[in-house]
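Descriptive analysis of the structure
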Amino acid sequence: MSGWSETEMMVIAAARRLTTERVCFVGIGLPNIACALAKRTVNPGLELVYESGVYGADPVRLPLSIGDPTLASGASAVTGMFQLFAYYLQGGMVDVAFLGAAQIDPVGNINTTVIGDYAAPQVRLPGSGGACEIGINAGKLFVVMRQSARSFVPVVDFVTTTGHPPGGRPHGWGAGPTLVVTQLGVYEFTGGRMQVESIHPGVALDDVRAACGWDLAVPATVAETPPPTAPELAAVRDLDPDRTYLG
Amino acid sequence: MSGWSETEMMVIAAARRLTTERVCFVGIGLPNIACALAKRTVNPGLELVYESGVYGADPVRLPLSIGDPTLASGASAVTGMFQLFAYYLQGGMVDVAFLGAAQIDPVGNINTTVIGDYAAPQVRLPGSGGACEIGINAGKLFVVMRQSARSFVPVVDFVTTTGHPPGGRPHGWGAGPTLVVTQLGVYEFTGGRMQVESIHPGVALDDVRAACGWDLAVPATVAETPPPTAPELAAVRDLDPDRTYLG
Amino acid sequence: MSKVASMRDAIAALVGDGDTVAIEGFTHLISFAAGHEIIRQRRRELTLCRLTPDLVYDQMVAAGVARKLVFSWMGNPGVGSLHALRRRIEHADPAPLEIEEYSHFGMVGRYTAGAAGLPFFPLRSYAGSDLPAANANIVPLPSPYGDETVYAVPPLNPDVTIVAVQRATSAGDAQVWGLTGCQQEAAFAAKRVIVVCEELVDDAVVRADPNRTLIPGLLVDAVVVAPLGCHPSYAQGYYDRDNAFYLAWDGISRNPAILDRWLDEWVFALADHADYTAKLGEDRWQSLAPVPAPSGRVDYGSYR
Amino acid sequence: MSKVASMRDAIAALVGDGDTVAIEGFTHLISFAAGHEIIRQRRRELTLCRLTPDLVYDQMVAAGVARKLVFSWMGNPGVGSLHALRRRIEHADPAPLEIEEYSHFGMVGRYTAGAAGLPFFPLRSYAGSDLPAANANIVPLPSPYGDETVYAVPPLNPDVTIVAVQRATSAGDAQVWGLTGCQQEAAFAAKRVIVVCEELVDDAVVRADPNRTLIPGLLVDAVVVAPLGCHPSYAQGYYDRDNAFYLAWDGISRNPAILDRWLDEWVFALADHADYTAKLGEDRWQSLAPVPAPSGRVDYGSYR
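The structure presented is a predicted model; accordingly, all values stated were derived computationally and were not measured. (Residues numbered from 1 in each chain as written. Chains lettered and ligands numbered in written order. Predicted model: local features only at pLDDT ≥ 70, side-chain atom pairs only at ≥ 80, totals over all residues. Heavy atoms only, no water.)

Turning our attention to the interface of chain C and chain D. In this assembly, 48 residues from chain C lie in contact with 48 residues from chain D. Interface of chain C and chain D: buried area, both sides summed, is about 4,300 Å²; carbon and sulfur atoms make up 58% of it. Viewed at the interface, chain D and chain C are joined by two salt bridges. For aspartate 209 of chain D, the salt bridge goes to arginine 212 of chain C, with nearest N and O atoms at 2.6 Å. Linking chain C with chain D are 28 residue pairs in polar contact (both at pLDDT 80 or more). Every element with two or more residues in the side of chain C that touches chain D is listed here: strand E5 (121-123), strand E6 (139-142) and strand E7 (149-153) of chain C. Of the residues contributing to the side of chain C that touches chain D, the split by class is 28 nonpolar, twelve polar and eight charged. (Contact = heavy atoms within 4.5 Å. Buried area = accessible area lost by both parts, 1.4 Å probe. Salt bridge = Lys/Arg side-chain N within 4 Å of Asp/Glu carboxyl O. Polar contact = N/O pair within 3.5 Å; in protein donor to acceptor, adjacent residues only side chain to side chain. Helix = DSSP H or I, 4+ residues; strand = E, 2+ residues; numbered from the N terminus. Nonpolar A, V, L, I, M, F, W, Y, C, P; charged D, E, K, R; others polar.)

Glancing now at the pairing of strand E5 (residues 96-99) of chain B. Residue and element names in this part refer to chain B. A two-sided burial pattern is seen for E5, the buried positions comprising Val96 and Phe98 on one face and Ala97 and Leu99 on the other. Alignment of strand E1 (residues 23-26) against E5, held across three bridges, turns out to be parallel. Within the sheet, the bridge partner assigned to phenylalanine 25 lies in E5 and is alanine 97. Here three bridges tie E5 to strand E10 (residues 141-144), and the two strands are oriented parallel to one another. Within E10, the residue paired with leucine 99 across the bridge is valine 143. (Buried < 20%, exposed > 50% of the residue type's maximum accessible area, 1.4 Å probe, protein only. Pairing = 2+ DSSP bridges.)

Let us look at the sheet that holds strand E6 (residues 139-142) of chain D. Residue and element names in this part refer to chain D. The strand order E5-E7-E6 describes an open sheet built from three strands, whose pairing is antiparallel. Edge positions in the open sheet fall to strand E5 (121-123) and E6, since each of these has one partner strand only. Averaged over all neighbouring strand pairs, the angle between strand axes comes to 45°, with direction disregarded. Strand direction decides the pairing type here: E6 and strand E7 (residues 149-153), joined by four bridges, are antiparallel. If you follow proline 140 over to E7, its bridge partner there is tyrosine 151. Sheet strands touched by helix H5 (residues 104-116): E5 and E7. Its angle to E5, the strand with the most contacts, is close to 150°. (Axes fitted to C-alpha atoms, helices over the stretch in contact; angles between N-to-C directions.)

Glycine aside, the phi torsion of most residues is negative, and most peptide linkages are trans. The omega torsion of the bond from aspartate 93 of chain C to proline 94 of chain C falls at 5°, within 30 degrees of zero and hence cis. The phi dihedral of leucine 29 of chain C falls on the positive side, at around 60°, and the residue is not glycine. For leucine 29 of chain C, the position within the fold is in the loop between strand E1 (20-23) and helix H2 (32-40). One non-glycine residue, tyrosine 126 of chain D, lies in the positive phi region at around 75°. Taking the relative accessible area as the measure of exposure, tyrosine 126 of chain D reaches 0% and is therefore buried.

With that out of the way, let us pick up the packing of aromatic side chains. Given two aromatic rings, their pairing is described by the distance between the two centres and the angle made by the two planes. All told, the structure shown has 40 aromatic pairs over all chains when counted by the stated rule. Pairing tryptophan 262 of chain D with tryptophan 266 of chain D gives two aromatic rings, centres 6.4 Å apart and planes at 20°, and the pair type is stacked. One end of the pair, tryptophan 262 of chain D, and the other, tryptophan 266 of chain D, are both in helix H10 (residues 256-268), four residues apart, so they sit about a helical turn from each other. By the burial criterion, tryptophan 262 of chain D is buried, and tryptophan 266 of chain D matches it. Joined through ring pairs, the aromatic side chains of Tyr55, Phe82, Tyr87 and Tyr88 of chain A, Tyr55, Phe82, Tyr87 and Tyr88 of chain B, Phe121 and Phe188 of chain C together with Phe121 and Phe188 of chain D make up one cluster. (Phe/Tyr/Trp six-rings, centres within 6.5 Å; stacked < 30°, edge-to-face > 60°.)

Turning next to the relation of the copies chain C and chain D. Between the two copies, chain C and chain D, the superposition gives an RMSD of 0.0 Å; the rotation angle is 180° and the shift along the axis is 0.0 Å. Expressed as an axis order, the relation between the two copies is that of a two-fold axis. In terms of C-alpha distance to the rotation axis, chain C has arginine 297 of chain C as its closest residue, with the C-alpha 2.7 Å off the axis. With an isologous cut-off of 70% or more, the 100% of interface residues of chain C that recur at the interface of chain D puts this contact in the isologous class. (Least-squares fit on C-alpha atoms with pLDDT ≥ 70 in both.)

To continue, consider the confidence of the model for chain C. Mean pLDDT over chain C works out to 97, with 100% of the residues at or above the 70 mark. Confidence metrics for the complex model read pTM 0.98 and ipTM 0.98. (pLDDT = per-residue confidence, 0-100.)

Residues and elements named next belong to chain C. Together, Val4, Leu200 and Val225 line one region of the surface with nonpolar side chains, adding up to about 210 Å² of accessible area. Position of valine 225 relative to the elements: it lies in strand E12 (residues 222-225). Residue classification places valine 225 among the partly exposed residues on the basis of a relative accessible area of 36%. (Patch = residues over 30% accessible without salt bridge, like charges linked within 9 Å, V, L, I, M, F, W, Y side chains within 5 Å. Areas by Shrake-Rupley, 256 points an atom, 1.4 Å probe, with all protein chains shown as cover.)

In terms of nonpolar packing, the biggest core is built from 374 residues, with Leu48, Ile162 and Ile194 of chain C together with Leu48, Ile162 and Ile194 of chain D touching the most fellow members. Discounting chain neighbours no more than four positions away, the residues touching isoleucine 194 of chain C are Ala10, Ile11, Leu14, Val15, Val160, Thr161, Ile162, Val163, Ala222 and Val224 of chain C. (Core = buried A, V, L, I, M, F, W, Y, C linked by side-chain atoms within 4.5 Å.)

Right, let's talk about the interface of chain B and chain D for a bit. On the side of chain D, 21 residues touch chain B, which itself brings 24 residues to the contact. Taken together, both faces of the contact between chain B and chain D bury some 2,000 Å²; the carbon and sulfur share is 57%. If you look at where chain B meets chain D, you find zero salt bridges. If you look at where chain B meets chain D, you find eleven residue pairs in polar contact (both at pLDDT 80 or more). Secondary-structure elements contributing two or more residues to the side of chain B that touches chain D are helix H3 (69-72), strand E4 (77-78) and helix H4 (81-89) of chain B. Counting residues per element, the side of chain B that touches chain D draws most heavily on H4 of chain B, which supplies four residues. Its residues assigned to classes, the side of chain B that touches chain D comprises twelve nonpolar, nine polar and three charged.

Turning our attention to the pattern of salt bridges. Opposite charge on two side chains makes pairing possible when the charged atoms of those side chains draw close. Residues and elements named next belong to chain C. All chains considered together, the criterion is met by 52 salt bridges over all chains. The partner of aspartate 242 in a salt bridge is arginine 284, with the nearest N and O atoms 2.7 Å apart. Taken together, the positions of aspartate 242 in the loop between E12 and helix H9 (243-254) and arginine 284 in helix H12 (residues 282-287) put the pair 42 residues apart, joining distant regions of the chain. On the accessibility criterion, arginine 284 (27% relative accessible area) is partly exposed. A network of salt bridges, in which partner residues are shared, links Arg67, Lys68, Glu98, Glu100 and Arg110.

This is the structure in structure tokens:
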């Protein structure tokens, strides 16, 4: 890890993928900084949507929450949550949604609800928020999360947000999860199953395998994620001077 | 008709009935002037609601339409029609709705849709507007209309707005039509059937019977509607100096 | 990426023969300028949707642009009938007009379902009414929780929705005050959207008061700047409803010959809405000018 | 007919043991002042409803006012967990807490159905998720028009909804800018409504800009004037969200003893929210003051 942290690499790798989308639904946590970074670097025209009721946000600071006052001030539109979820999201206006996750499985099912049994939880997680409907109604889903054998699991303890069910996603749904970015690598879905797309600099394939609860599909040659550039690092650090997200 | 017109008597008799209600949904046409008159005379605290999306209107002139700009300026609230119909009306916030009608029958079914057959109309009327849902969701319904053997009919040609069905109105509905005011008299409903409550000054019971398409229930002694007072006449004429409504 | 276009170009590019078209705005902000341009370009076989067809559709139907009308209240508010529409419906004169009829909340629910990507919208209406018998699209829907039954209406997704607004940016972010009707739902429900504004404003004006944004530019295909473009309807704070014209229309539309002459004189003989406003004359506009009544300011705060 | 009341009197009169209570406001305008008064008055057996329980319900649940939580996202936004809630749910420590869980749109739909007098609200969510298995109130609903199936959620009608707003009249007409969340739906859905405002304003202020009115006084039982009453949440244009407090809360709520001391010091030891704001101190409030960013004015016009 020379010159940048795991989290910086993860956020930068995530932001790089938001080059062509116009409307991005921003989830809470790491997606918040990844999307803000994308808007400041690869995609200044990116329209940020927040479930709190904001379209076309132009935040002058990095918000801790997705309902921060800086998201309303200077936005293109502020609307009720009914209109946001019904007309913007369910109405099909969102190209991509960026979410976090506690657990994900090989077919992209996401768990943000509970570790263990729902009725007798080992760890009670926050729950769906908007994730359940975002997963169905957004054009596609990008996931950014910390990877370990406990978060990359063969079967999630609880399906909060549906991934790629057997037989594929029903007509009328978005494409579902198409990208996962972690502190170790970048993953895409082929035939509805996750596979390695690139590994971050300084990370060994064995590290990736060790941090995955199933036998991960790995192509013959695995690309290395291009390292963060100086401008990328400057931008992400400028976004989070207190390192609230970057740690 | 000494000193006042039939229409003036009708509007004044209608306005007098809005003494205790707080929230009144104002229909187009004669109800518009009747409710405005009530607010200026018997019930200054009356909150006027218009399907165009206005609550608590304070019009400085008598509007020709129910979407006039004078209804929005100075109102307590202006809202979308979805919120108006869903939250204000269907949510049960409306005490009384004042509607007009082309035809009414003994059980209070109202027709504002068509004279003759729907598929081959003799006269195509405007249709429901909000009347159909108002009839179900308002606390009760007052009707103001011109009476004749062609408008007071045994069976309406088309039920636009339901009155008092056999077996009574279903649970969850408002009380339905409870008052009808015409240029000849005032009518109420007993056991779901219309009966004479009072006859306007200068009108004979035979006039009323002649202007009704069914054998109207008449109590032993029929009261006379108190004649318009000078203040009432001054107020209604001040409301409609061009006599757009008063003729 | 400005979307500003002339009305001529916007209608030519976005409204095609046979389209389902909604020129929305409840009494307020009805884009007569757009309706007249559609007449001028002699569109045909349109399905016209509006809660209240109003004079604009009476004119368009008289001009022969429509084959079908979807509506909930077909009259001249406070005046009486829309006679061109009645002739078509009562006497197929000069041709039949197909109708599809709802109540106001039914139409609002249809736009809402269309905007929200729902296959239906539920409402407490229609029970005991003959409307479901007259329109098979209005169907009973039992609640999944018990013995209650409501009614459902299907989504309405126009090919084109045309909404007039007080102000918009060149990107189409549109703000409205006064009556907002169901313009937001009609716009989100549409495949294509034309915003017709009284004023073109900088992005900063919109962003200084984002709660007023009814329609995001995201939805908008063309922005037409047409001051006074709603006459005889109105724009809150800009000009009054021309009630005298609504009253006069009754006499015009009663007589097909007079109505045809009116269309010739006020639509076909004019190149665009600028000609119309000029022809109407300064005195008329003066008589429709409201007394200013400014809102207050609110403070959004800047958070760094 | 002023409805202005002290928070003490409003809570005493309108919030009873066993009630279903919604203190709404999404991140913005969360009435901590009301939550603290409910704690102070030692209400018990409440069913607490909010999309995001947030710190206010972590505090209330820690203080023992609740038996059940209805929610859609239970965390400390951007920080982590609500530890008092987790102890109740994971370890029944010190007592079990019943939960009823939805997604955000599910909760919004529930308030919307409640506000609209509908027996259910349909939405495109939940398919393929385990949420319907965890909550029997979430049921599939076939469209009456064909082979599509959506999901339905039941109406939510709180006994009391408490909403904070920037300004209100003594009659309760309330105006909000910035995030409006689902406060309108939660208020229309409720049997009783308490409006907590930063500022009491004349009727003329509201009537000068009626499009900003979110909640009509018609619904409102009490108006409580509580400046700075949302801290550590915020009021757009009045004061900032106190993110430092949200970060600090993690350490407080992890330790029951520290949390109890915090409740003693910041709630029980104080008579009302005025004491709280004074105790917090001028420096803290200064640090939360935004730079002014006024909206423009619009003209509604006066029509005579």
